[in-house]
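Spelled out, the chains give:
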Amino acid sequence: MHTSRHTPTADQTPEIQRPAHKPSTARRALGWIARRRTALLYNALRGAACATGAGVIGLGFYVIRQQI
């Protein structure tokens, strides 16, 4: 049987090292945030812009209402 030079045989394949315990909830949450930092910042900025715009419009209508 011919084996490829680039493919290790079954006895040469390294074993995958798995952690002995599960990471804590806080560590998993921090990892999740780190992986999605850009999307979270984008959505926070978008929300702040929408809230600011709504506040300005509301303040404008309040001022107009007080003038009438």
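Scroll up to find the structure this text is about.
Owing to the predicted nature of the structure, the values given are computational and were not obtained by experimental measurement.

### A look at the overall build of the protein
Counting its regular elements, the protein contains two helices and zero strands. A total of 68 residues make up the protein; the buried ones form 0% of that total. For the protein, the computed accessible surface area is about 7000 Å², with 62% contributed by carbon and sulfur atoms.

### Considerations on a nonpolar patch on the surface
Side chains of Leu30, Trp32, Ile33 and Leu40 sit close together on the surface and give an oily, nonpolar patch of about 380 Å² of accessible area. Residue contributions to the nonpolar patch peak at three residues, all from helix α1 (residues 25-35). Here Leu40 is to be found in helix α2 (residues 37-67). Classification of Leu40 as partly exposed rests on a relative accessible area of 36%.

What counts and how
Residues numbered from 1 in each chain as written. Predicted model: local features only at pLDDT ≥ 70, side-chain atom pairs only at ≥ 80, totals over all residues. Heavy atoms only, no water. Helix = DSSP H or I, 4+ residues; strand = E, 2+ residues; numbered from the N terminus. Buried < 20%, exposed > 50% of the residue type's maximum accessible area, 1.4 Å probe, protein only. Areas by Shrake-Rupley, 256 points an atom, 1.4 Å probe, with all protein chains shown as cover. Patch = residues over 30% accessible without salt bridge, like charges linked within 9 Å, V, L, I, M, F, W, Y side chains within 5 Å. Salt bridge = Lys/Arg side-chain N within 4 Å of Asp/Glu carboxyl O.

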